[in-house]
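The primary structure of each chain is shown beneath.
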Amino acid sequence: MTGLNPSATPADSSDRAPGPLHLIQSFANTLSADPDVDLLRTREEAAAWLRTAALLPADVGLTNSEHAALLRLRTSIRDVLAAHTDGREDAEAAARLTRALADGRLVLTVDPASTVQLASAARASYPGLVAAFAIAVAGSAASGTWLRLKSCAVPHCGRAFHDDSASAAAARCSMHAA
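This is a predicted model, so every value here is computed, not measured. (Residues numbered from 1 in each chain as written. Predicted model: local features only at pLDDT ≥ 70, side-chain atom pairs only at ≥ 80, totals over all residues. Heavy atoms only, no water.)

With that settled, consider the pattern of salt bridges. For side chains of opposite charge, pairing can occur when their charged atoms come near one another. For the structure shown, the criterion picks out 6 salt bridges. Here Asp 90 makes a salt bridge to Arg 88, at a shortest N to O gap of 3.2 Å. Using a relative accessible area of 23% as the deciding quantity, one classes Asp 90 as partly exposed. What you see here is one network of salt bridges that share partners, running through Asp 86, Arg 88 and Asp 90. (Salt bridge = Lys/Arg side-chain N within 4 Å of Asp/Glu carboxyl O. Buried < 20%, exposed > 50% of the residue type's maximum accessible area, 1.4 Å probe, protein only.)

In structure tokens:
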């Protein structure tokens, strides 16, 4: 359950994050500055987005507590991305993201060829989808792209974007680049 359907959340291709980081970007962008655009507003809308993103089986929904946890996960990711944009550390945001990702119940697996991977030890759908986000964060951190995923600093935007500038100092998405 880690494949992301690119149409799950529209994104400008110039801001599109590479590889598994795109999952995090798409998830963060389910909330828009427009108060009428929240693709996870209800349990049903959240489940539909997760299905489109290939993270939730068609026959599974979200409980109220899972929906609330999913919204906390998105908020914590968005808070960490804002810290990336500002070039600062945010211990509280990092702690909230760590707590939210703990639901993924990750383990390290080793195959016969000694290939090592992170995987979810969870048997339920919600921890499995959280694990997909945690694995995407870990993979992007390992590849050096995690700190380049940021949120647009323009007031009332906050859109997640990938900073591919040479200096890694961009603070605005392509919609607001000067």
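Further notes follow.
Attention shifts here to the nonpolar core. Among the nonpolar cores identified, the biggest contains 36 residues, and Ile 24, Leu 55, Leu 70, Leu 73, Leu 129, Phe 133 and Trp 146 are the most heavily contacted of them. Secondary-structure elements contributing two or more residues to this core are helix H1 (21-28), helix H2 (43-52), helix H3 (64-86), helix H4 (91-101) and helix H5 (125-143). With 8 residues, H5 is the largest single contributor of residues to this core. Once you skip the residues sitting within four places of it in the chain, Ile 24 turns out to touch Ile 77, Phe 133, Ala 136, Val 137, Trp 146 and Leu 149. (Core = buried A, V, L, I, M, F, W, Y, C linked by side-chain atoms within 4.5 Å. Helix = DSSP H or I, 4+ residues; strand = E, 2+ residues; numbered from the N terminus. Contact = heavy atoms within 4.5 Å.)

All right, on to H2 then. Taken together, the buried positions of H2 are Ala 46, Ala 47, Trp 49 and Leu 50. When H2 is viewed along its axis, its buried side chains cluster within an angular range of 160 degrees and face the same direction. Where H2 is buried, its residues contact H1, H3 and H5. Ala 54 lies just past H2 and shows a positive phi near 60 degrees. (Arc of directions from axis to C-beta.)

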